[in-house]
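# Geometric and topological summary
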Amino acid sequence: MYQSYYNYVMIMMAGNIHVPVLVNEVLAAIEVRAHGAYIDCTLGAGGHAEATLRAGHGTIKLLGIDADPEAMSAAEGRLTMWRDSVTFAHGNFGRLLSIAKDKGFVPADGLLFDLGLSSMQLSATGRGFSFQYDVPLDMRFDPLEARTAGDIVNGLSETELGDMIFRYGEEGRSRQIARAIVRARPIATTGQLARTVEAVLPKRKGRIHVATRTFQAIRIAVNNELASLESALVQGLDVLRPGGRLVVISYHSLEDRIVKQFFRRESKGCVCPPRTPACVCGRFPRLRTLYSKAVKPSAEEVKANRRSRSARLRAAEILSI
Ligand SMILES: C[S@@+](CC[C@H](N)C(=O)[O-])C[C@H]1O[C@@H](n2cnc3c(N)ncnc32)[C@H](O)[C@@H]1O
């Protein structure tokens, strides 16, 4: 259809449509089977969902979940021709099991998580995810959630802010930034926050903007992203049938570590100390990991879509009990 992958990406970006990453790798890992049931836990603009539906040749059903109603509308538009095969659910994947049960998707054959935020959210002027626009501090994926970035920035103590920026932003100067934020409060907008961080951190030539890590930390806290992921992975074990595939794409080391540790723990089984004569823990392996290392995008993909450069895909198959 397009001359090359590069042209396809340029056309999508020109239309401000989120470009899905690692699409072929997702399809290889999830292994779409005829008449299967698949759940896209981070539907976004529906790019992976569309690829999955195509691979199912009209025989599969797909449940698309997203916390962001704007993303749901974008995906609904894109997936019109598959409307008989798709069920949409606005909600947080932290409630994966109950949503999947409610929509008749247990047991499922495949689960996909493509974590973080879409380029549409990043470039949306009123959402407060980016410091490119000076707008109120929001950063909620789901506007029905009560707590905004403004509540966090203006409500936490200096120590709490410092801990959060250190933990979720992996920012070495977290204490300095927290002190500056507390001095500058109240902080109402993304621009004010970015300038507050800029004032205490020297510009890093050619590197990411100095406020990037602070913004990432606040977004993770607002949306409780790491706790939702940990909980959803565990619930995935009860959603998938034996032989079903769990596929996760993460974009920073905090997420990837959670996935890696979960896969390691659940593929290990017995956790009794080495010389215990007989197993007393009663644990058994629930997963078989498909790849020993995270799958990364090709050089061609990174060249066409810079956002893909930090993507890491891990996948596992559910074992029979
Ligand atoms: C990277 S985008 C997904 C893009 C999608 N794979 C595509 O092809 O268009 C991530 C999406 O996950 C959603 N999201 C993030 N955390 C979520 C959560 N805990 N529950 C539900 N949706 C979530 C975001 O709102 C965003 O739309």
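Fair warning: this is a prediction, and the values are worked out from it, not measured in the lab.

Each value, and the rule that gives it
Residues numbered from 1 in each chain as written. Predicted model: local features only at pLDDT ≥ 70, side-chain atom pairs only at ≥ 80, totals over all residues. Helix = DSSP H or I, 4+ residues; strand = E, 2+ residues; numbered from the N terminus. Buried ≥ 20, exposed ≤ 12 C-beta atoms within 10 Å, placed from the backbone. Contact = placed C-beta atoms within 7 Å. Pairing = 2+ DSSP bridges. Axes fitted to C-alpha atoms, helices over the stretch in contact; angles between N-to-C directions. Parallel < 35°, antiparallel > 145°, perpendicular 65-115°, else oblique. Left-handed = near helix turned anticlockwise from the far one by under 90°. Nonpolar A, V, L, I, M, F, W, Y, C, P; charged D, E, K, R; others polar. Arc of directions from axis to C-beta. Domains from an automatic or database assignment. Near = placed C-beta within 6 Å. Right-handed = clockwise from strand over helix to strand, strands pointing away.

### Some details on the overall build of the chain
The helix and strand tally for the chain stands at 14 helices and seven strands. Its C-alpha atoms give the chain principal-axis dimensions of about 60 × 55 × 40 Å. Put simply, the chain has 321 residues, and 44% of those count as buried. The long-range share in the chain, meaning contacts at least 24 apart out of those at least 6 apart in sequence, stands at 68%.

### Structural notes on the sheet that holds strand E1 (residues 37-40)
Reading across from one edge, E3-E2-E1-E4-E5-E7-E6 is the order of the seven strands in this open sheet, with mixed pairing throughout. Edge strands, defined here as strands with exactly one partner in the open sheet, are strand E3 (86-90) and strand E6 (287-289). Direction aside, neighbouring strands of the sheet carry axes that sit 20 degrees apart on average. As defined by bridge partners, E6 adjoins strand E7 (residues 312-318) across three bridges and the pair is classed as antiparallel. Bridging across to E7, Arg 288 finds its partner in Glu 317. Across the sheet, helix H2 (residues 23-30) touches E1, strand E4 (108-114), strand E5 (240-250) and E7, and the angle it forms with E5 is around 160 degrees. Each of strand E2 (61-66) and E3 is contacted by helix H4 (residues 69-78), which is oriented at about 165 degrees to E3, the strand it contacts most.

### Things to note about the packing of helix H12 (residues 225-239) against helix H13 (residues 253-268)
The packing of two helices is summarised by the inter-axis angle and the distance between the axes. Here H12 crosses H13 at 30 degrees, and the two axes come no closer than 10 Å. Between H12 and H13, the angle falls in the class roughly parallel. Crossing geometry of H12 relative to H13 is assigned as right-handed. Mapping the contact onto sequence places Leu 226, Leu 229, Glu 230, Leu 233 and Leu 237 in H12 and Leu 254, Glu 255, Ile 258, Phe 262 and Glu 266 in H13. When the residues that make up the contact of H12 with H13 are grouped by side-chain class, the tally is seven nonpolar, no polar and three charged.

### Describing helix H10 (residues 190-200)
Since the α-helix turns once every 3.6 residues, residues separated by three or four places project in the same direction. Within H10, the full set of buried residues consists of Thr 190, Leu 193, Ala 194, Thr 196 and Val 197. Seen along its axis, H10 keeps its buried residues to an arc of 160 degrees; they face one direction.

### Things to note about the domain arrangement of the chain
Domain assignment breaks the chain into domain 1 (5-120 + 225-318) and domain 2 (146-222). Distance between the C-alpha centres of domain 1 and domain 2: 30 Å.

### Quick word on the site of the ligand
Surrounding the ligand, one finds 22 residues, the nearest of these being Pro 20, Thr 42, Gly 44, Ala 45 and Gly 47. Those elements that provide at least two residues to the shell around the ligand are helix H3 (47-55) and E2. Residue composition of the shell around the ligand, grouped by class: eight nonpolar, eleven polar and three charged.

### Quick notes on the pairing of E3
Two elements, E2 and E3, share five bridges in a ladder whose sense is parallel. Residue pairing for E3: Leu 63 is matched across the bridge by Thr 87. Chirality of the crossover, the property in question, places the unit of E2, H4 and E3 among those that are right-handed.

### Some remarks on unusual backbone geometry
Pro 107 follows Val 106 through a cis peptide bond whose omega is 5 degrees. Relative to the helices and strands, Pro 107 is located in the loop between helix H5 (96-102) and E4. In the segment running from Arg 185 into Pro 186, the intervening peptide bond is cis, with an omega of 0 degrees. By the secondary structure assignment, Pro 186 is in the loop between helix H9 (174-184) and H10. Of note in the backbone geometry, His 57 takes a positive phi value of approximately 50 degrees without being a glycine. The residue His 57 is located in the loop between H3 and E2 in this model. A residue is classified by how many C-beta atoms lie within 10 Å of it, and His 57, with 9 of them, is exposed.

### Quick look at the environment of His 48
Along the chain, His 48 falls in helix H3. The spacing of His 48 and Val 26 is 22 residues in sequence and 7.9 Å in space, taken between C-alpha atoms. Ignoring any residue separated from it by four or fewer positions in sequence, one finds His 48 in contact with Pro 20, Val 23, Val 26, Asp 40, Leu 112 and Asp 114.

### Some details on the pairing of E5
When you tally the buried positions in E5, you get eight out of eleven residues, the bulk of the element. Relative to E5, E4 runs parallel, the two sharing six bridges. The residue of E5 that forms the bridge with Leu 111 is Leu 246. Inspection of the sheet shows E5 paired to E7 by six bridges, in the antiparallel sense. Across the sheet, Arg 245 pairs through a bridge with Glu 317, a residue of E7.

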